[in-house]
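Close look at the chain arrangement
What follows is the residue order along each chain.
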Amino acid sequence: MNNIAPIFEFLRQKVAEKQKIVLITLIAVTGASTRNPGAHMAVAEDGSSTGSFSGGCVEAAVVAEALDVIGGNQAREVRFGAGSPYLDIRLPCGGGIDLLFTPISELSVVSAIFDRIGRREPLTLVIDRQGADIRCEAGTECRELVKRDGSQIFVHHIPAARICILGHGPSVESLVRLSGSYGIDCAVLSPDAGIIDTVTGEGAAAGLLKTAEPTPLLDPDPWTACIFYFHDHDWEAALMKQALASPAFYIGAMGSRKTHARRLQYLADIGVSAEESERMIAPIGLIPSTRDPATLALSTLAQVVERYHQCFGARQ
C-alpha cells in the first residue's frame, strides 16, 4: 500500500543511535518482480534492516552489499536476478532487479522525509546515483514511479491509504483490527462512546459524534477511504454529504440495495447531486450479502485496497 513510513522510521531511529545508514531503492525491473520500482529497503551498520524486494531470495545479499557500501561511503548500483554477476542468487519469477545503494551522509534529510510522510504529503526523493546525496522535494503528479535524469534518480511517493470509519456496531471494531494488522491506519467517528474507548485502546484515532451534523473531525484527503457503518441511518445524511464533497478516493456504505435507494432519495433531498451520489459504493464490499461483522470488514478492506490500487497503483 505504498507505506514507506516504516523505512524512514527505522532510519530515523538508527540516526538517533549515531549509526551509519544506507537507503536501497529499486530503480528498474526486468521481467517479473514481486515489487515495483520505487520500493525501498534500509540497512544500518549493525546489520539490522527493514523492507524487502522479494520473498527472501535476495535480502541477505542486499544487507551484505549495503554493509560494504557503508564501508566505502559511495553509492553503488547492483543487479540481482537475471543478468546479475551473482550467479547463485536467482529470483523465482525469473526477472531481474536493479538496486541503488545510497549511504546517507546528510542525516537531517531523514527527519525531513519522515516529517513529510507524517503530514501525508506527496514527496519526491532525488537521489544521486554517483554519490551519497539524497534530498526531499514536494511531490508532483507523475505517472512514472522512478525517473532518471543524468546522474539523478527521482522517486515519487504518495501517502499510504488511510481509512475513516463512521458508524457504530461490531463491524467498526472488526475493520479497525483487520486494517491495523494489514498496515492501514484507521480513524473512527462514532456516536457510541464505548466503541470510541475500545478503538482508542487499540491505537486507532477516534472522535465522538455528538450530533448528526457535519463535523470538522471528518476531513479526508485524496488518499483516504470513508466507510459508513451506521445501522441507524438517521446519522448518515449530513455526514455523507460532507464526505461526498471531499477528495476522498473511496466512499462506501453498508446496507441493502433497497436501503441504498432510500439513501439516494434523502441525499437528493438535502442537495446532493446525482453525480456526487454516484461516487458512493453501496452495498459496500467485494463479498455480496455479507452479514457477520468480521466478513463485512474483510469484504470492505479488500474493496478499499482494490480501489486504492486502481486509482494510484501506477504511482506507487
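I will try to describe carefully the structure that is included in this document. (Residues numbered from 1 in each chain as written. Predicted model: local features only at pLDDT ≥ 70, side-chain atom pairs only at ≥ 80, totals over all residues. Heavy atoms only, no water.)

With respect to the nonpolar core
For soluble globular proteins, the rule of thumb is that nonpolar side chains tend to be buried together. By size, the foremost hydrophobic cluster in this structure holds 30 residues, and its most contacted members are Ile163, Ile165, Leu175, Val188, Ile227, Tyr229 and Tyr250. Elements represented by at least two residues in this core include exactly strand S10 (162-167), helix H4 (170-182), strand S11 (185-190), helix H5 (193-201), strand S13 (224-229) and helix H9 (293-312). Ranked by residues supplied to this core, first place goes to H9 with seven residues. Not counting chain neighbours up to four residues away, the residues in contact with Ile163 comprise Leu175, Ser179, Ile184, Asp185, Cys186, Ala187, Ala225, Ile227, Leu301 and Val304. Within the second largest apolar cluster, 25 residues are counted, among which are Phe8, Leu11, Val146 and Ile153. (Core = buried A, V, L, I, M, F, W, Y, C linked by side-chain atoms within 4.5 Å. Buried < 20%, exposed > 50% of the residue type's maximum accessible area, 1.4 Å probe, protein only. Helix = DSSP H or I, 4+ residues; strand = E, 2+ residues; numbered from the N terminus. Contact = heavy atoms within 4.5 Å.)

Overview of the packing of helix H6 (residues 237-244) against helix H7 (residues 257-269)
The geometry of H6 relative to H7 is characterised by a closest axis approach of 10 Å and an angle of 80 degrees between their N-to-C directions. Overall, the two elements H6 and H7 adopt an arrangement that is roughly perpendicular. Mapping the contact onto sequence places Ala237, Met240, Lys241 and Leu244 in H6 and Arg263, Tyr266 and Leu267 in H7. Residue composition of the contact of H6 with H7, by class: five nonpolar, no polar and two charged. (Axes fitted to C-alpha atoms, helices over the stretch in contact; angles between N-to-C directions. Parallel < 35°, antiparallel > 145°, perpendicular 65-115°, else oblique. Nonpolar A, V, L, I, M, F, W, Y, C, P; charged D, E, K, R; others polar.)

Some details on the sheet that holds strand S8 (residues 146-149)
Sheet architecture is open: four strands sit in the order S7-S6-S9-S8, paired in antiparallel fashion. In this open sheet, the two edge strands, each paired with only one partner strand, are strand S7 (134-138) and S8. Across the sheet, the mean angle from the axis of one strand to that of its neighbour is 25 degrees, orientation sign disregarded. The pairing of S8 with strand S9 (residues 152-157) spans four bridges and is antiparallel. Residue pairing for S9: Lys147 is matched across the bridge by Phe154. Lying over the sheet, helix H3 (residues 108-118) contacts strand S6 (123-128) and S7, oriented at roughly 30 degrees with respect to S7. (Pairing = 2+ DSSP bridges.)

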